[in-house]
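The primary structure of each chain is shown beneath.
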Amino acid sequence: MEKIVIVEDDVFLREELQNILEKEGYSVECIYSFDTPVVDIVSATPSLILLDINLPNLSGFDICRALKARGIGPILVLTSRNQLSDELHALGLGADDYLTKPCHPKRLIARVQKLLYLYANMHVLLDAGDFQIDELANILYVGKDSIPLSENEGIIIKALVKASPLVVKKEELFHLLWGSSEYVDENILQVNMTRLRKTLDGVGLSNRIKTIRGIGYQLIGDDYL
């Protein structure tokens, strides 16, 4: 089930949007605190972000820029700001679509469906600096070399790249890999991590995954080695 993250500080509108999307069968998570919105959005692993512009602490423009720098999307901006300059600025920062509110629910759902379809059928490269990941095909690119990854290797490395430089908690990886952290032996995660590290070692990306004892794992750049 696709998960849509709503980033909206108006409580009533946020609840209305949540009801509209849940009636269409989407899983919805709302951002309630705006102290660390980018971290919270990344942690939610969204299929799509519904983003307002006028937000406390950090504007939607800044959030959009930060998310796109991590290769996260699609982002649908939904805002009361109807100036062409605002729309062009948002699109220039990487927003995938722009709607002004009030917006008819059917128009919103149509745009959401379109973006989800497009992203499900396009090759998106996550850029980690000295290597890239094809999100759809699970292929690792290092220079001129390309290496196919197993499904679990792809899930782990994509989570690490998207969260970088933040730590990905073990519980989050359990959910991404197996849908739950219940009845899952932690040794299984360690085995998968060892396999991924071996794959990275083989293409000159040694020691790029750091274990944060008792918490999870972190992708680090070669400048930290």
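Calculation notes
- Residues numbered from 1 in each chain as written.
- Predicted model: local features only at pLDDT ≥ 70, side-chain atom pairs only at ≥ 80, totals over all residues.
- Heavy atoms only, no water.
- Helix = DSSP H or I, 4+ residues; strand = E, 2+ residues; numbered from the N terminus.
- Contact = heavy atoms within 4.5 Å.
- Polar contact = N/O pair within 3.5 Å; in protein donor to acceptor, adjacent residues only side chain to side chain.
- Phe/Tyr/Trp six-rings, centres within 6.5 Å; stacked < 30°, edge-to-face > 60°.
- Buried < 20%, exposed > 50% of the residue type's maximum accessible area, 1.4 Å probe, protein only.
- Core = buried A, V, L, I, M, F, W, Y, C linked by side-chain atoms within 4.5 Å.
- Axes fitted to C-alpha atoms, helices over the stretch in contact; angles between N-to-C directions.
- Parallel < 35°, antiparallel > 145°, perpendicular 65-115°, else oblique.
- Nonpolar A, V, L, I, M, F, W, Y, C, P; charged D, E, K, R; others polar.

A. Here's a closer look at the environment of lysine 170. Inspection of the secondary structure puts lysine 170 in helix H7 (residues 170-178). In contact with lysine 170, other than residues within four places in its own chain, are Glu186, Leu189, Gly214, Ile215, Gly216 and Tyr217. Polar contacts involving the side chain of lysine 170 include one to the side chain of glutamate 186, which spans 3.1 Å.

B. How the structure looks around the packing of aromatic side chains. Taken as a whole and judged by the stated rule, the model has one aromatic pair. Measuring from centroid to centroid gives 6.1 Å for phenylalanine 174 and tryptophan 178, while their planes differ by 40°, and the two rings are tilted. Here tryptophan 178 and phenylalanine 174 lie together in helix H7, a separation of four residues that amounts to about one turn. Given a relative accessible area of 7%, phenylalanine 174 falls into the buried group.

C. Structural context of the environment of leucine 116. Along the polypeptide, leucine 116 turns up in helix H5 (residues 105-120). Along the sequence, leucine 116 and glutamate 2 sit 114 residues apart, while their C-alpha atoms lie 8.4 Å from each other. When sequence neighbours within four positions are dropped, the list of residues in contact with leucine 116 reads Glu2, Tyr26, Ser47 and Leu48.

D. Expanded view of the nonpolar core. Within the largest apolar cluster, 49 residues are counted, with the highest numbers of intra-cluster contacts made by Val7, Leu67, Phe131, Leu140 and Ile157. Take this core: its biggest share by element is seven residues, from helix H6 (residues 151-163). Residues within four places of leucine 140 in sequence aside, it is in contact with Phe131, Gln132, Ile133, Asp145, Ser146, Ile147, Leu149, Leu200, Val203 and Leu205. Grouped together as the second largest cluster of nonpolar side chains are 19 residues, Ile6, Leu99, Val112 and Leu115 included.

E. Representation of the packing of H6 against helix H8 (residues 186-201) in the model. Viewed as axis vectors pointing N to C, H6 and H8 meet at an angle of 85°, and their least axial separation amounts to 10 Å. One element, H6, and the other, H8, form an angle in the roughly perpendicular class. In this structure, H6 contributes Asn152, Glu153, Ile156 and Ile157 to the contact, and H8 contributes Asn192, Met193, Arg195, Leu196, Thr199 and Leu200. Of the residues contributing to the contact of H6 with H8, the split by class is five nonpolar, three polar and two charged.

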